[in-house]
Protein chains: 2
Amino acid sequence: MKYTIKNVAKIANVSITTVSRVLNGEKGVSPKTRRRVLNVIEELGYSPSASARTLKTSLSKTIGIAVPDTLGDFYGEVINGIESTATENGYNLIVSLNHHIIKEELAAVNFFKAKKVDGAILVTTLGDDDYVRFLIENGFDIVLLDRDPHGLKVDTVKTDNFHGGYMATEYLLNLGHSAILFIQGLSYLDSSRERFNGYKKALKDKGIKRDDTFVLDGDFTTKSGYSAIKRYLKGHGLDFTAIFAANDQMAIGAIKALHDKGISVPEDVSVIGFDDSYMAPYVIPPLTTIKQRREEMGRVATELLLSRINSRDERKKTPRQVIVPVDLIERESAIPISSKRRR
Amino acid sequence: MKYTIKNVAKIANVSITTVSRVLNGEKGVSPKTRRRVLNVIEELGYSPSASARTLKTSLSKTIGIAVPDTLGDFYGEVINGIESTATENGYNLIVSLNHHIIKEELAAVNFFKAKKVDGAILVTTLGDDDYVRFLIENGFDIVLLDRDPHGLKVDTVKTDNFHGGYMATEYLLNLGHSAILFIQGLSYLDSSRERFNGYKKALKDKGIKRDDTFVLDGDFTTKSGYSAIKRYLKGHGLDFTAIFAANDQMAIGAIKALHDKGISVPEDVSVIGFDDSYMAPYVIPPLTTIKQRREEMGRVATELLLSRINSRDERKKTPRQVIVPVDLIERESAIPISSKRRR
DNA sequence: TTGTATGCGTTATCAC
DNA sequence: GTGATAACGCATACAA
């Protein structure tokens, strides 16, 4: 029931070489024979064995992607961007989830190696840089997404987190707020840290001295945003007028925590998020946020990777860092401070 | 830089057969030799070529999963369940997204075939049954997730959609509601249809005659839930007291649409969703919903598949249909009708 | 306990 | 324009 090139050859009355030529669209086959072969292939529903091909050519037409998980809008959309670009170019995807666990990341590497992927995209990986270096030394073309190069010679694609953090904070500042809470995400991630840096810089530029107690821990989940604010309120009461959360999910959690205490958004407290997730427009009130072009990041990363894979040039192109711009999406969760003062 | 079994053999001063034995953990190798070989493997960072292995054994230790996309909570969690179970059992994952497009589903089939996956899990596929049949005839072990067998001899895993729909509706009914809107999801999906059937049955059992205008179209997106209610309100005004949405996202969209018209949830209108998505507890008001065990579905499907793959038995086990139970999660978006009557 | 030889399904090299 | 054949890296039947 499983046909091989040999079967096709026999039935079409040609050599396997000819079949192979047809398969790969090479010239040097008469239109007539080509037709015949194609017919047999169609009839049999034959498809060539990828493993035999890979074994022979050491090219798999496959790219590996390592991603923490598939939860939340971010990774899902990034994957979509990667997948469609890959597919358009005839490449397939092998996905490895690592659940934010370094050991599993390492497993992915061996997996990719064994599968002979032509290249890999590492999304938000946290492993130390040795891990990335290892991959490079093993001759893999790779690109890092949502992660800094840390001095390594790799292509990277990331959101302009710093500027996004700056914009968000500046926006609140211009609205008249100065007591602005920041809920950070996983603090060991570059993206979270840079948003934080943007926050700090914006405050500094306005000459506002930063209060360390205004920086709350979160982990990018809605729950963590909720808990952070709930805890803060219990400890400090309402001594702030605005919140900048490092992503929308935490912002939504924060709004809920405020709501539970009878504090209204945006009348009492303005909130701004980061991502522009699907839910943002439907939150009550609709969430003002920094839009991150997630799918585009996936696309760009894939294009970078494929261009690298297909570069015959031995002295590979120098590493490229692309920074995807962000936009401020104004909705209703942040308003001027003057319009409240209800406390 | 790329090592083969031959390199390992030479350096360890043994035959490739011995290396192969070590690799596969077979007995019949002296502890001493095994050690030595293992050391060389470690040193070289050698990992066996999956393609050569697959070519030889026609076993890839890989399962393919075809899924519409990775957006929203549902697919993400299902994939997580599949992935962890697969990994635990030494299987790897090849993911194919089809964006709800039949043609791309078909492409996935060929992909799986070429990659010689040992089995496949098809999630929410919509292709006609021939497509599934084709896969079966080609000797693939497959299991369908979130899809009915439609008379085919395949394992399936699905949520108890009918009962879930029934429970949700009954719950509203018991709260005193009788004018209950239903927002359906993609109507060609089994899951959406069954939730609808549950809704109809519950109404019927209570002797309430169903109003066709009470059934609104949606596509499982938040936006579609929002639009559906907005449109309905414009056409009919507020002639209902409750809404059952076929998933949480649409429920959230619906709440927003009501809110925009100054209609309060749950005081004026009760809303119930389906899924128990991550966002459900953080919506304002927290969403009452039917919990779907997404990750478990992924786990079960994978276990089913692996057991089938590993069944030496030629006359394969008869098809199994597992229905994963649902739970009603009471939160605050649905309340008794008596406590309002504010209109 | 260890090794030799064959073949899996392709592509590539060379001949015709 | 077409075909025979070696090789890719591994697992395995068979020897030793």
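Structure shown above.
Not measured: the values here are computed from a predicted model.

We now examine the interface of chain A and chain B. A common way to state how big an interface is: give the accessible area lost once the parts meet. Facing the 51 residues of chain A at the interface are 52 residues of chain B. Across the chain A to chain B interface the summed buried area is about 4500 Å²; carbon plus sulfur atoms make up 61%. For the chain A face of the interface with chain B, the top three residues by lost area are M279, Y282 and I284 of chain A, together amounting to 15%. Inspection of the region where chain A meets chain B yields eight residue pairs in polar contact (both at pLDDT 80 or more). Elements that contribute at least two residues to the side of chain A that touches chain B include exactly α4 (50-57), α5 (72-88), β2 (92-97), α6 (102-115), α10 (222-236) and α11 (248-260) of chain A. Looking at side-chain class alone, the side of chain A that touches chain B contains 24 nonpolar, 17 polar and ten charged residues.

The subject of this paragraph is the protein's contact with DNA strand D. Taken together, 24 residues sit near DNA strand D, with T17 and R21 of chain A together with I5, Y46 and R53 of chain B positioned nearest. The sugar-phosphate portion of DNA strand D accounts for 56% of its atoms within 4 Å of the protein, the bases making up the rest. Residue K56 of chain A places a side-chain N or O atom 2.8 Å away from a base nitrogen belonging to DNA strand D. At a separation of 3.0 Å, a phosphate oxygen of DNA strand D approaches a polar backbone atom of S49 of chain B. Among the elements of the structure, α2 (16-23) and α4 of chain A together with α2 (16-23) and α4 (50-57) of chain B are those that each provide at least two residues to the surface near DNA strand D. The dominant element in the surface near DNA strand D, judged by the number of residues it contributes, is α4 of chain B, at four residues. Across the surface near DNA strand D, the residue classes tally to eight nonpolar, twelve polar and four charged.

Glancing now at the protein's contact with DNA strand C. Around DNA strand C, 26 residues are found, and the nearest of them are R53 and K56 of chain A together with T17, T33 and K56 of chain B. Taking R53 of chain A, its side chain carries an N or O atom lying 2.6 Å from a phosphate oxygen of DNA strand C. Here a base oxygen of DNA strand C sits 2.5 Å away from a polar atom, N or O, in the side chain of T17 of chain B. Elements represented by at least two residues in the surface near DNA strand C include exactly α2 and α4 of chain A together with α2 and α4 of chain B. With five residues, α4 of chain A is the single largest residue contributor to the surface near DNA strand C. When the residues that make up the surface near DNA strand C are grouped by side-chain class, the tally is nine nonpolar, twelve polar and five charged.

What follows concerns the sheet that holds strand β9 (residues 270-275) of chain A. The strand order β7-β6-β8-β9-β10-β12 (chain A) describes an open sheet built from six strands, whose pairing is mixed. The outermost strands of the open sheet, each flanked by one partner alone, are β7 (215-216) and β12 (327-329) of chain A.

Residues and elements named next belong to chain B. Spatially, β7-β6-β8-β9-β10-β12 is the arrangement adopted by the six strands of the open sheet, whose pairing is mixed. Strands with a single pairing partner mark the edges of an open sheet, and in this sheet they are β7 (215-216) and β12 (327-329). With four bridges joining them, strand β9 (residues 270-275) and strand β10 (residues 288-291) adopt parallel strand pairing. Each bridged residue has a counterpart across the sheet, and for F274 the counterpart in β10 is I290. Across the sheet, helix α9 (residues 190-205) is in contact with β6 (180-183), β7, β8 (242-245) and β9; its angle to β6 comes to roughly 170°. The sheet strands contacting helix α11 (residues 248-260) are β6, β8, β9 and β10, and the helix crosses β9 at an angle near 155°.

What follows covers the pairing of strand β4 (residues 141-145) of chain A. All names here are of chain A. Burial runs high along β4: five of the five residues are buried. Taking every second residue as pointing to the same face, both faces of β4 are buried, with D141, V143 and L145 on one and I142 and L144 on the other. Direction of pairing for strand β3 (residues 119-123) relative to β4: parallel, over a ladder of five bridges. Bridging across to β4, V123 finds its partner in L145. One ladder, built from three bridges, connects β4 with strand β5 (residues 155-159); its direction is parallel. Across the sheet, residue L144 finds its bridge partner in β5, namely T156.

The next point concerns the pairing of β2 of chain A. For β2 of chain A, the tally of buried residues reaches five of six residues, placing the bulk of the element in the interior. Note on the crossover from strand β1 (residues 62-67) of chain A through α5 of chain A to β2 of chain A: the handedness is right-handed.

Residues and elements named next belong to chain A. Considered for burial, the residues of α2 that qualify are T18, V19 and V22. Projection of α2 onto a plane perpendicular to its axis shows the buried side chains occupying an angular sector of 100°, all on one side. Positive phi appears at G25, one or two residues downstream of α2, with a value of about 60°.

Once the charged atoms of two side chains with opposite charge are near each other, the side chains can pair. All names here are of chain A. In the structure shown here, the tally under the stated rule is 28 salt bridges over all chains. D205 is the salt-bridge partner of K201, the closest N and O atoms lying 3.1 Å from each other. Residue K201 and its partner D205 are located together in helix α9 (residues 190-205), separated by four residues, close to a single helical turn. Note on K201: relative accessible area 36%, which makes it partly exposed. Between D327 and R293 there is a salt bridge, with its nearest N and O atoms 3.3 Å apart. Here the residue D327 occupies a position in strand β12, and R293 occupies one in the loop between β10 (288-291) and α12 (294-309), the gap between them amounting to 34 residues. Given the relative accessible area of 29%, D327 is considered partly exposed. Several salt bridges share partner residues, and in doing so they unite D73, E77 and R294 into one network.

Considering the arrangement of structural elements, one finds K317 of chain B in the loop between α12 (294-309) and β11 (321-324). For the pair formed by K317 of chain B and V154 of chain B, sequence separation is 163 residues and the distance between their alpha carbons is 10.0 Å.

Another point: the relation of the copies chain A and chain B. Here chain A sits on chain B after a turn of 180° about the axis and a move of 0.0 Å along it, with an RMSD of 0.1 Å. The superposition of one copy onto the other is thereby described by a two-fold rotation axis. Interface overlap between copies: 100% of the residues of chain A at the interface are likewise at the interface in chain B, consistent with a symmetric, same-surface contact.

Cut-offs applied
- Residues numbered from 1 in each chain as written.
- Chains lettered and ligands numbered in written order.
- Predicted model: local features only at pLDDT ≥ 70, side-chain atom pairs only at ≥ 80, totals over all residues.
- Heavy atoms only, no water.
- Contact = heavy atoms within 4.5 Å.
- Buried area = accessible area lost by both parts, 1.4 Å probe.
- Polar contact = N/O pair within 3.5 Å; in protein donor to acceptor, adjacent residues only side chain to side chain.
- Helix = DSSP H or I, 4+ residues; strand = E, 2+ residues; numbered from the N terminus.
- Nonpolar A, V, L, I, M, F, W, Y, C, P; charged D, E, K, R; others polar.
- Near = heavy atom within 4 Å.
- Pairing = 2+ DSSP bridges.
- Axes fitted to C-alpha atoms, helices over the stretch in contact; angles between N-to-C directions.
- Buried < 20%, exposed > 50% of the residue type's maximum accessible area, 1.4 Å probe, protein only.
- Right-handed = clockwise from strand over helix to strand, strands pointing away.
- Arc of directions from axis to C-beta.
- Salt bridge = Lys/Arg side-chain N within 4 Å of Asp/Glu carboxyl O.
- Least-squares fit on C-alpha atoms with pLDDT ≥ 70 in both.

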